[in-house]
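Read off the chains here:
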Amino acid sequence: MTQDLAPFSFDALAAAADPPPSHAHARSGRKIPALTGKQKAAILVRLLIAEGADIKLSSLPEEMQTSLTETIAQMRLVDRDTLSAVVGEFVETLEQVGLSFAGGLGGALKALDGKLSPGASSRLRQRARDGIDPWERIAQADLATLLNVLEPESAEVAAVVLSKLSVSKAAELLGKMPGERARRVAYGVSLTEGIAPEMVARIGASIAREIDGRPSRAFPAAPAARVGAILNSTTAVVRDTLLTGLEEDDRDFADGVRKAIFTFANIPDRLNPRDVPRVLREVSQADLIVALAATLPAPDSLDGQAATFLLSNMSQRMAATLRDEAESRGRIKAKEAEQALSAVVTAVRNLVEAGEITLRSDEEE
């Protein structure tokens, strides 16, 4: 059993520590000892641990962790009536809560993440940075920012940062480093065993300051990704013309734009076969039939291969029905075909943006 003890849980009990401790009565009518809010929290945490719960106390502010540990160290035996009364009071407290707010400016920024303008968010984060765990800010930074910030640092410092990140993010970060640099940083991890917590804290504060000092980006996506998203919604003629022009001006940028573009022809390479039914549920049957009618007559073309891919990853009965209806449509006008293909592509992009499916990367291809 895993129990993530949110700060609210501790606050709800510790809030009772300010008034004088009060007595309570067990169900048997026996008067139980007066307890402070911190003592009640300590009893609950000790009970959860005894029941085998994996309580992530690290999610609490450090001063709360310290206070809770000190309270646990001071306590001794607790009788069953007292334990039952504390648990009952805690459950009743939770049931009475209608809404809880994350404490402090940092908590408010988390709750409003993505809802504020970039300028307001940047100013507020600057005000709140002293109240937020620096390692939390480092963990939230994107890989490109971490790579740039760590580039001038020693392998040993980079190894400390790597050790404080989640395993998945640390693996991604290490994979983005040049081979020799990655090897030295990986070896540096082996040297972190004896490093003092105070030194780790200073490194975290220093790296966090570097991240906070970087100018905020007005646009969350890279330029190539933004242009690619725009060209996704244009016609094939416009898209090809612009890409040709971009290649003449900046071939590297044009390559980045091409990678960001997702069209109907990219479906076999980028869409996972198991996601085909999910995508097709988001496309009207009329658009799907037109898209198939426009592309199946040329099976060797990229669009024709995409149509065959879609039919191959659905039930045979549905595929046969759609193929028959597409063949009965006859010749499709170019504008009508473009709109139908765009509807299929839009369905894929919407599911990707919603996090319901994931496109395969160039490496996976």
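Residue positions are given per chain, counting from 1 as you read along its sequence in written order. In view of the model being predicted, local features appear only for residues whose pLDDT reaches at least 70, and side-chain atom pairs are presented and counted only at 80 or more, with totals across whole chains, interfaces and linings using the full set of residues. Side-chain figures throughout are based on the complete set of non-hydrogen atoms in the structure, without hydrogens or water.

S.K.: Can you help me understand the overall build of the protein in this one?
M.R.: Only DSSP runs of H or I with at least four residues qualify as helices, and only runs of E with at least two residues qualify as strands; both kinds are numbered from the N terminus onward. Counting its regular elements, the protein contains 21 helices and four strands. Taking all 365 residues of the protein together, the buried fraction comes to 32%. By definition, residues are in contact when any of their heavy atoms lie within 4.5 Å. Partitioning the intrachain contacts of the protein with sequence separation of at least 6 by distance along the chain shows that 72% fall at a separation of at least 24. Only the protein chains shown count as cover for residues, with accessible areas throughout obtained via the Shrake-Rupley method and a probe of 1.4 Å. For the protein, the exposed surface amounts to about 22600 Å²; the carbon and sulfur share of it is 53%. Note on classification: 1.4 Å probe, protein chains only; a residue is buried when its accessible area is under 20% of the maximum for its type, exposed when over 50%, partly exposed between these limits.

S.K.: In this structure, what is going on with the packing of helix α9 (residues 155-164) against helix α12 (residues 197-213)? I would like to understand it.
M.R.: If you want to describe how two helices pack, look at the angle between their axes and the distance between the axes. To obtain each axis, a line is fitted to C-alpha atoms, and for helices this fit is confined to the stretch in contact; angles are then taken between N-to-C directions over 0 to 180 degrees. At a closest axis distance of 10 Å, the pairing of α9 and α12 adopts a crossing angle of 95°. Our classification of the angle between α9 and α12 gives roughly perpendicular. Of the residues in α12, those in contact with Val 157, Val 160, Val 161 and Lys 164 of α9 are Val 200, Ile 203 and Ile 207. In this classification, the charged set is Asp, Glu, Lys and Arg, the nonpolar set is Ala, Val, Leu, Ile, Met, Phe, Trp, Tyr, Cys and Pro, and all remaining amino acids, among them Gly, are polar. Of the residues in the contact of α9 with α12, the class split is six nonpolar, no polar and one charged. Any angle that falls under 35 degrees is termed roughly parallel, while one over 145 is termed roughly antiparallel, one within 65 to 115 roughly perpendicular, and all others oblique.

S.K.: Any chance you could explain the confidence of the model for the protein here in plain terms?
M.R.: Close reading of the predicted structure is inappropriate where its pLDDT is low. A residue's pLDDT is simply how confident the predictor is in it, with values from 0 to 100. This prediction gives the protein a mean pLDDT of 79; 77% of its residues lie at or above 70. Low confidence marks residues 12-20, where pLDDT is under 50. Its contacts with residues over four positions away, or in another chain, come to 12 contacts.

S.K.: Where do I start with the packing of helix α14 (residues 236-249) against helix α15 (residues 251-260) in this structure?
M.R.: Two elements in contact, α14 and α15, have axes separated by 6 Å at closest approach and are oriented at 145°. On α15, the residues that touch Leu 243, Leu 246, Glu 247 and Asp 249 of α14 are Arg 251, Phe 253, Ala 254, Val 257 and Arg 258. Across the contact of α14 with α15, the residue classes break down as five nonpolar, no polar and four charged.

S.K.: Hey, could you run me through the side chain of Thr 295 in this one?
M.R.: Among the structural elements, Thr 295 can be located in helix α18 (residues 285-295). If near-sequence neighbours (up to four positions away) are discounted, Thr 295 is found in contact with Phe 264, Asp 303, Gly 304, Ala 307 and Leu 341.

S.K.: How should I be thinking about the side chain of Arg 181 in this particular structure?
M.R.: Its place among the elements puts Arg 181 in helix α11 (residues 179-189). Salt bridges are absent for the buried Arg 181, whose nearest opposite-charge side chain, Glu 156, sits at 7.2 Å. Beyond its immediate chain neighbours, meaning those up to four positions away, Arg 181 contacts Leu 150, Glu 151, Glu 153, Ser 154, Ala 155 and Ala 158. Charge counting follows a simple rule: Lys and Arg are positive, Asp and Glu are negative, and His as well as the terminal groups are ignored. Here, a salt bridge means any Lys or Arg side-chain nitrogen found within 4 Å of an Asp or Glu carboxyl oxygen.

S.K.: What exactly am I supposed to notice about the pattern of salt bridges here?
M.R.: Close approach of charged atoms allows side chains of opposite charge to pair. Using the criterion set out here, one finds six salt bridges in the structure. Between Arg 184 and Glu 180 there is a salt bridge whose closest N-O contact spans 3.9 Å. Of this pair, Arg 184 and Glu 180 both sit in helix α11, four residues apart, roughly one helical turn. The exposure class of Arg 184 is partly exposed, given its relative accessible area of 36%. The salt bridge partner of Arg 329 is Glu 336, with a shortest N-O separation of 3.2 Å. Judged by relative accessible area, Glu 336 falls into the partly exposed class, the value being 30%. One continuous salt-bridge network, built from bridges that share partners, spans Glu 180, Arg 183 and Arg 184.

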